[in-house]
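Take a look at the letters that make up each chain.
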Amino acid sequence: MIATNTKLAYSSCKVILSHAGGTLPFLITRISTVSQESVATAKIYGKSSEGLMEDFRSFYFDLALSSSDAMLRLVLDKIPHSKLLYESDYPYASPDKTLVFKQTLDTFPMKDDPREKIHFKNAEALLAEEE
């Protein structure tokens, strides 16, 4: 969606990537770092490394089963806090698994503002856009 400019072409379409985007947060930081030369990047992806990151940051990311310390540090650093959503993966993940990930998220050191955004404010704002 990023490399083919699909996300850019349909920018009003809200896309939520499950499980913190899987490997995307790791890969996009690698791609944008090694593609700092805009001419080469434009040939490959049709946009600059800044354009790649802008498209990446346009997605929403749920944190279902993705609240390990390493993942939370990465998403809180690279993804706008307004694009992070709480999700438990219930009923597909068993309650004991979702509880561990929720407890990890709840005890992860962060300020109240991003925590409230993740737990409910971002979902409220996203759903309000549809009304």
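Residues numbered from 1 in each chain as written. Predicted model: local features only at pLDDT ≥ 70, side-chain atom pairs only at ≥ 80, totals over all residues. Heavy atoms only, no water.

Before going further, it helps to spend a moment on the overall build of the protein chain. A tally of regular secondary structure across the protein chain gives 7 helices and 3 strands. For the protein chain, the α and β elements follow one another from N to C terminus as α-β-α-α-α-β-α-β-α-α. Relative to its 131 residues, the protein chain shows a buried fraction of 36%. Expressed as a percentage of contacts within the protein chain between residues at least 6 apart in sequence, the contacts between residues at least 24 apart total 65%. Carbon and sulfur atoms make up 58% of the accessible area of the protein chain, which totals about 7900 Å². For the protein chain, the distance from the average site of its 15 positive side-chain charges to the average site of its 18 negative ones is 6 Å. (Helix = DSSP H or I, 4+ residues; strand = E, 2+ residues; numbered from the N terminus. Buried < 20%, exposed > 50% of the residue type's maximum accessible area, 1.4 Å probe, protein only. Contact = heavy atoms within 4.5 Å. Areas by Shrake-Rupley, 256 points an atom, 1.4 Å probe, with all protein chains shown as cover. Lys, Arg positive; Asp, Glu negative; His and termini not counted. Charge placed at Lys NZ, Arg CZ, Asp CG, Glu CD.)

Contact pair helix H6 (residues 95-107) / helix H7 (residues 112-129): the axes reach a minimum separation of 10 Å and the direction vectors enclose 145°. Contacts between H6 and H7 pair Leu105, Asp106 and Thr107 from the former with Arg115, Ile118 and His119 from the latter. Here the residues of the contact of H6 with H7 are counted per class, giving 2 nonpolar, 2 polar and 2 charged. (Axes fitted to C-alpha atoms, helices over the stretch in contact; angles between N-to-C directions. Nonpolar A, V, L, I, M, F, W, Y, C, P; charged D, E, K, R; others polar.)

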